[in-house]
Amino acid sequence: MPLAFLKGETAVGQYLIEGGHKLEGRVRIQGSKNAVLPMMAAALLQRGTVILRHCPRIDDVRCMEEILRYTGARTWWQEENLFLDCSKIVTGEIPGAYADKMRSSVFLLGSLLPRLGSAAVSYPGGCTIGLRPVDLHVKLLRNLGAELTEHSGGISARAETLRGCRHRFPRVSVGATENGILAAVLARGETVLENCAREPEIFHLCRFLRKMGASIRGEGSSVICIQGQRELQPAQTEVPPDRIVAGTYLLAGAAVRGEVELCGAPVEEMGALLSVYRKMGGQYEVKSGTLFTDSRRVGKIPVQIATGCYPGFPTDLQSPLAAVCATIRGRSRIRETIFEDRYQAALEMRKMGAKVEISRGNLLIQGGRLYGAEVLAGDLRGGAALILAGLAAEGRTKIRPSRYVERGYEHIEEDLTALGGKIRKAVQE
């Protein structure tokens, strides 16, 4: 089967931004990238058709869709609903081109092993934000009874039967927690996972699996218990709104001191961001499922934060927050604790006049004016941060390539344009 999505990459896109325009108005929040990808992997655990409603049409979803097709699944769209027919899965070997494209391909080990008894994936790729080792996934699957072989290109796994176990993750990992849940729902007996991540995406995955007939309890805590079932059934679910996209648009308003209404924002999942937003001078209220934000008073109070596992400040919003800090008077300090190489976008903002330095692992930002420039996006959230900086800058900004941002934002340029921003996507000259 051809790698259609990957072979379609030819022209290099870029974002062209004219800064200095206030953002105001309403935007609807898309479905969550981080929630839907493990849900798509979970579809392999049943032998019928799964429906994911309010599914975002982003590059990571398209890539995962291609992977599922490669294994034998049929997929199609009806408006914003994605249908996944997994009645005939024929292979568990995933070509390296897919894993190079996205890290989430590692979820397929936990799904394909119970389904086929074997699976092989290349080491996952994705954004260049530092090391993202798969050792936690390997140790977990071995503890469940799988035989794994690691080689230069990736991981091969076999397991006639997975058996429940008690497993403690040596460090908190969202991906490993999700993979453990996927692998355990069809394992024999009970599995107890300790030191689990508590991100909302794990809760949403467990809720979806329960609709399919899985027996899971404890999500949202550090201990999750799964009683293995003989089989799962087809189901449908609503993909939750993306808390990171909502946070990005809130911070876009903060960067230009705008008033932005976020329709469907998952406010209950945004506590850490909203706390920081209020401290920097932002005001907000929630009415009828819409988050109303007012950033007109942002700009006088610098930020002091460290990223952390949920419910701490999300690492995925660290770079966009840095873009806002570059516009705030005084010296802000951000400490990244999840990924060791996630200050790249902030350093790129130096080309725009940002006064940024790294000292003892902290990102120090002396706020001031930003000016349009040509900058390079090296990762998904960093690319979004550069867009925010471009909106706040004087003059014109060119950001390339656009492909990283397209991995997670469905139509960021259209959303920001609807709010009054001057941004468009074009083919690189």
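Residues numbered from 1 in each chain as written. Predicted model: local features only at pLDDT ≥ 70, side-chain atom pairs only at ≥ 80, totals over all residues. Heavy atoms only, no water.

1. Quick look at the overall build of the protein
Per the secondary structure count, the protein includes 15 helices and 23 strands. Here the protein has a C-alpha radius of gyration of 21 Å; the compact-globule value for 429 residues is 22 Å, and the two agree. For the C-alpha atoms alone, the extent of the protein along its principal axes is close to 60 × 45 × 45 Å. Split into buried and exposed, the 429 residues of the protein put 59% on the buried side. Counting only contacts in the protein whose residues sit at least 6 apart along the sequence, the fraction spanning at least 24 positions is 73%. Counting only carbon and sulfur atoms, one obtains 46% of the accessible surface of the protein, whose full area is about 17200 Å². Once the 57 positive and 46 negative side-chain charges of the protein are each reduced to a mean point, those two points are 3 Å apart. (Helix = DSSP H or I, 4+ residues; strand = E, 2+ residues; numbered from the N terminus. Rg over C-alpha atoms; globule rule 2.2 N^0.38 Å. Buried < 20%, exposed > 50% of the residue type's maximum accessible area, 1.4 Å probe, protein only. Contact = heavy atoms within 4.5 Å. Areas by Shrake-Rupley, 256 points an atom, 1.4 Å probe, with all protein chains shown as cover. Lys, Arg positive; Asp, Glu negative; His and termini not counted. Charge placed at Lys NZ, Arg CZ, Asp CG, Glu CD.)

2. Topic: the pattern of salt bridges
Tallying each qualifying case throughout the model produces 25 salt bridges. A salt bridge links Arg-74 to Asp-85, with the nearest nitrogen and oxygen atoms 3.2 Å apart. Within this pair, whereas Arg-74 is found in strand 4 (residues 74–78), its partner Asp-85 is found in strand 5 (residues 81–85), the two being separated by 11 residues in sequence. Taking the relative accessible area as the measure of exposure, Arg-74 reaches 49% and is therefore partly exposed. For Asp-135, the salt bridge identified is with Arg-171, shortest N-O distance 2.9 Å. Of this pair, Asp-135 sits in helix 6 (residues 135–143) while Arg-171 sits in the loop between strand 9 (166–168) and helix 7 (174–184), placing them 36 residues apart in sequence. Given a relative accessible area of 24%, Asp-135 falls into the partly exposed group. (Salt bridge = Lys/Arg side-chain N within 4 Å of Asp/Glu carboxyl O.)

3. As for the packing of helix 11 (residues 318–325) against helix 13 (residues 380–392)
Between helix 11 and helix 13, the least distance of the axes is 7 Å, while the angle of their chain directions is 20°. Of the possible angle classes, the one that applies to helix 11 and helix 13 is roughly parallel. In the crossing of helix 11 with helix 13, the sense of the turn from one axis to the other is right-handed. Counting all contacts with helix 11, which are made through Ser-319, Pro-320 and Ala-323, the residues of helix 13 involved are Arg-381, Gly-382, Ala-385, Leu-388 and Ala-389. Taken together, the residues of the contact of helix 11 with helix 13 sort by class into five nonpolar, two polar and one charged. (Axes fitted to C-alpha atoms, helices over the stretch in contact; angles between N-to-C directions. Parallel < 35°, antiparallel > 145°, perpendicular 65-115°, else oblique. Left-handed = near helix turned anticlockwise from the far one by under 90°. Nonpolar A, V, L, I, M, F, W, Y, C, P; charged D, E, K, R; others polar.)

4. Details of the confidence of the model for the protein
Residues at a pLDDT of 70 or more form 94% of the protein, whose mean pLDDT is 93. The low-confidence segment residues 126–132, where pLDDT is below 50, has 26 contacts with residues more than four positions distant or belonging to other chains. (pLDDT = per-residue confidence, 0-100.)

5. Concerning the sheet that holds strand 19 (residues 355–359)
The strand order across the open sheet built from four strands is 17-18-20-19, with neighbouring strands paired in mixed fashion. Either end of the sheet is taken by a strand with one partner, and the two such strands are strand 17 (304–306) and strand 19. With strand direction ignored, the average angle separating the axes of adjacent strands in the sheet is 15°. One ladder, built from five bridges, connects strand 19 with strand 20 (residues 362–366); its direction is antiparallel. By the bridge assignment for strand 20, Lys-355 is matched with Gln-366. (Pairing = 2+ DSSP bridges.)

6. A few points about the side chain of Asp-242
Among the secondary structure elements, Asp-242 is positioned in the loop between strand 13 (236–238) and helix 9 (243–256). Summary of buried charges: Asp-242 has no salt-bridge partner, and the nearest side chain of opposite charge, Arg-381, is 5.0 Å away. Of note is the side chain of Asp-242, whose polar atom sits 3.0 Å from the backbone nitrogen of Lys-33. Non-local contacts of Asp-242, meaning those with residues more than four positions away in its chain, are made with Ile-29, Gln-30, Gly-31, Ser-32, Lys-33 and Pro-266. (Polar contact = N/O pair within 3.5 Å; in protein donor to acceptor, adjacent residues only side chain to side chain.)

7. Topic: the pairing of strand 22 (residues 396–400)
Judged by which residues are buried, strand 22 turns out to be one-sided: Thr-397 and Ile-399 face inward and are buried, whereas Arg-396, Lys-398 and Arg-400, on the alternate face, are not. Pairing geometry for strand 21 (residues 374–376) and strand 22, over three bridges, is parallel. Of the residues in strand 22, the one forming a bridge with Glu-374 is Lys-398. On the question of chirality, the crossover connecting strand 21 to the parallel strand 22 by way of helix 13 is right-handed. (Right-handed = clockwise from strand over helix to strand, strands pointing away.)

8. Considering empty space enclosed by the protein
Using the criterion set out here, one finds one cavity of 30 Å³ or more in the structure. Taken together, Arg-243, Ile-244, Glu-269, Met-270, Leu-273, Pro-314 and Leu-317 form the lining of the largest cavity. (1 Å grid on protein atoms, 1.4 Å probe; cavity = no way out; pocket = protein on both sides within 12 Å on 5 of 7 lines; lining within 4 Å. Points joined across faces, edges and corners; volume = space filled by probe spheres on them.)

9. Things to note about the packing of aromatic side chains
Scanning the entire structure with this criterion turns up one aromatic pair. Between Arg-57 and the ring centre of Trp-77, over which it is positioned, the NZ or CZ distance is 4.1 Å. (Phe/Tyr/Trp six-rings, centres within 6.5 Å; stacked < 30°, edge-to-face > 60°. Lys NZ or Arg CZ within 6 Å of the ring centre and 35° of its normal.)

10. Overview of the nonpolar core
Most often, soluble globular proteins keep nonpolar side chains buried together rather than apart. Membership of the largest hydrophobic core comes to 71 residues, with the highest contact counts inside it found for Met-40, Ile-181 and Leu-209. A total of six residues in this core trace back to one element, the largest contributor, which is helix 2 (residues 33–42). Ignoring sequence-local partners within four residues, the contact set of Ile-181 consists of Leu-193, Ile-202, Cys-206, Leu-209, Ile-216, Ile-224 and Ile-226. Counting 67 residues, the second largest nonpolar core, distinct from the first, contains Ala-254, Met-349, Ala-389 and Leu-391. (Core = buried A, V, L, I, M, F, W, Y, C linked by side-chain atoms within 4.5 Å.)

11. Concerning unusual backbone geometry
Following Tyr-310, the chain continues to Pro-311 via a peptide bond in cis, the omega torsion being 15°. With respect to the helices and strands, Pro-311 occurs in the loop between strand 17 and helix 11. In the segment running from Arg-400 into Pro-401, the intervening peptide bond is cis, with an omega of -10°. Non-glycine residue Arg-257 carries a positive phi angle of around 60°.

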